[in-house]
Amino acid sequence: QITTVSGNEFLFQSDIDFLILDWFHAIKNAIDRLPKERSCTSRNLEFKLRRSSSIELLNSLDTESKEPKPEHRKSLIFRLNYSASDTNDRSRVKSRLKKFISRRPSLKTLQEKGLIKDQIFGSHLHLVCEHEKSTVPQFVRQCIKAVEKRGLDVDGIYRVSGNLATIQKLRFVVNQEEKLNLDDSQWEDIHVVTGALKMFFRELPEPLFPYCFFEQFVEAIKIQDNAIRIKSIRSLVKKLPKPNYDTMKILFEHLKKIAAKESVNLMSTQSLGIVFGPTLLRPEKETGNMAVHMLYQNQIVELMLSEYSKIFGSEED
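Values in this document were obtained by computation on a predicted structure and should not be read as measured data. (Residues numbered from 1 in each chain as written. Predicted model: local features only at pLDDT ≥ 70, side-chain atom pairs only at ≥ 80, totals over all residues. Heavy atoms only, no water.)

Thoughts on the pattern of salt bridges
For step 1, the next point in the chain: Enumeration according to the criterion identifies seven salt bridges in this entry.
For step 2, the next point in the chain: Across the pair Asp-183 and Lys-149 runs a salt bridge whose closest N-O atoms are separated by 3.3 Å. Residue Asp-183 is found in the loop between helix H6 (164–175) and helix H7 (190–202), and its partner Lys-149 is found in helix H5 (residues 138–150); the two are separated by 34 residues along the sequence.
For step 3, the next point in the chain: The exposed category is assigned to Lys-149, whose relative accessible area is 58%.
For step 4, the next point in the chain: Note that Glu-219 is salt-bridged to Lys-222, the shortest N-O span being 3.4 Å. (Salt bridge = Lys/Arg side-chain N within 4 Å of Asp/Glu carboxyl O. Helix = DSSP H or I, 4+ residues; strand = E, 2+ residues; numbered from the N terminus. Buried < 20%, exposed > 50% of the residue type's maximum accessible area, 1.4 Å probe, protein only.)

Some words on the environment of Val-154
For step 1, the next point in the chain: Here Val-154 is to be found in the loop between H5 and H6.
For step 2, the next point in the chain: For Val-154, a relative accessible area of 22% puts it in the partly exposed group.
For step 3, the next point in the chain: Sequence separation of Val-154 and Lys-261 is 107 residues, and the distance between their C-alpha atoms is 9.4 Å.
For step 4, the next point in the chain: Filtering out sequence-adjacent residues up to four positions away, Val-154 remains in contact with Ile-190, His-191 and Asn-265. (Contact = heavy atoms within 4.5 Å.)

Description of unusual backbone geometry
For step 1, the next point in the chain: With a phi angle near 55°, Lys-133 is a residue other than glycine that sits in the positive phi range.
For step 2, the next point in the chain: Inspection of the secondary structure puts Lys-133 in the loop between helix H4 (125–132) and H5.
For step 3, the next point in the chain: Lys-133 sits in the exposed class, given a relative accessible area of 76%.
For step 4, the next point in the chain: In this structure, Leu-266 takes a positive phi of about 60° despite not being glycine.
For step 5, the next point in the chain: By the element assignment, Leu-266 lies in the loop between helix H11 (262–265) and helix H12 (269–280).
For step 6, the next point in the chain: Take Leu-266: its relative accessible area is 48%, and that puts it in the partly exposed class.

Remarks on helix H9 (residues 226–238)
For step 1, the next point in the chain: With 13 residues, H9 extends 18 Å between its outermost C-alpha atoms, agreeing within 8% with the 18 Å of an ideal straight helix rising 1.5 Å per residue.
For step 2, the next point in the chain: Among the residues of H9, Arg-229, Ile-230, Ile-233, Arg-234, Leu-236 and Val-237 are the ones counted as buried. The buried side chains of H9 occupy one side of the element, clustering within an arc of 165° when seen end-on. Exposed and facing more than 90 degrees away from the buried side of H9 are Ala-227 and Lys-231.
For step 3, the next point in the chain: Buried-residue contacts for H9 involve helix H8 (214–221), helix H10 (242–260), helix H13 (290–306) and helix H14 (308–312). (Expected span 1.5 Å × (residues − 1). Arc of directions from axis to C-beta.)

So, the packing of aromatic side chains
For step 1, the next point in the chain: All chains considered together, the criterion is met by eleven aromatic pairs.
For step 2, the next point in the chain: Seen in terms of ring centroids, Phe-200 and Phe-201 are 5.3 Å apart; in terms of plane orientation they differ by 75°. Their pairing is edge-to-face.
For step 3, the next point in the chain: Phe-200 sits in the buried class, given a relative accessible area of 0%.
For step 4, the next point in the chain: A relative accessible area of 0% places Phe-201 in the buried class.
For step 5, the next point in the chain: A connected cluster of aromatic rings, assembled from ring pairs, spans Phe-209, Phe-213, Phe-217, Tyr-245, Phe-252, Tyr-308 and Phe-312. (Phe/Tyr/Trp six-rings, centres within 6.5 Å; stacked < 30°, edge-to-face > 60°.)

Structural notes on the environment of His-191
For step 1, the next point in the chain: For His-191, the position within the fold is in helix H7.
For step 2, the next point in the chain: With relative accessibility at 12%, the residue His-191 sits in the buried group.
For step 3, the next point in the chain: Residues His-191 and Gly-162, spaced 29 residues apart in sequence, show a C-alpha to C-alpha distance of 4.5 Å.
For step 4, the next point in the chain: Leaving out residues up to four positions away in the same chain, His-191 has contacts with Val-154, Asp-155, Gly-156, Ile-157, Val-160, Ser-161, Gly-162 and Ile-167.

Some thoughts on the nonpolar core
For step 1, the next point in the chain: Judged by nonpolar contacts, the single largest core of 67 residues is most densely connected at Tyr-158, Phe-209, Val-237, Phe-252 and Met-304.
For step 2, the next point in the chain: Leave out the neighbours within four places in its chain, and Phe-209 touches Phe-217, Met-248, Phe-252, Leu-280, Leu-281, Ile-300 and Met-304.
For step 3, the next point in the chain: Listed in part, the eight residues of the second largest apolar core include Ile-2, Leu-19, Trp-23 and Leu-34. (Core = buried A, V, L, I, M, F, W, Y, C linked by side-chain atoms within 4.5 Å.)

What follows is the structure in structure tokens.
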């Protein structure tokens, strides 16, 4: 969220981390290039990043040059409480923070002492499964069960965002290994459950589609012959680690049920591809055309939903 000196407010929203960072750096670079006014003793910055399922672009930026439009040059000023008089204070604070951080025990030490529990959100998929002695995280199963029980007919299921504060509360409960009951009234909004499930996959250190498979899936989706394309995707899916394959299979089976209710919930395979594409697979390092990558990500999920039985079925099928 950007608040300008003139009082105008602009909001960027996206589920995609690297896209948010691109926006931030583009805006910051544009403002850094602005001439400083002599009467201005400080430069201010207020920049809050929010995650949501929609994107709103700033009207004050020229998308081609990423330069601010002339009428907005004076209002695009960062709010960071930064001035020359603050330099010494800031240096002292930095020094103290460095000393504090250097004395902190490592995360591994805290975990070994039992002071910090293994987290569900933000942990590698195989570690979550090893901890639970399963190949599909229990939280994923619980969310899918809840959505299929009371969300298949909900308009915009998985596309509509739930209350972020409630989603974070649910995330905290799961990470604290508290007994989770998604039928509890505090999780009544099914969009909170779907939002938490998407957050779980988004926060995996490595996506459900492992980084080393990304380019292979992209090359497979580019194949023109549909039969060969499906066969290639199926072959790649079969090579995935067991937790990734089993979790992917149960998730796509669930999303296929969502798409089957398209006439009621208005969520087609294409809509689900747009929602889950960037969440389930992404490159380890963003290179080339980001928009093109996003298109392939969506198409891969869409194809796997449309051809679920051929991709996840047995050889006999």
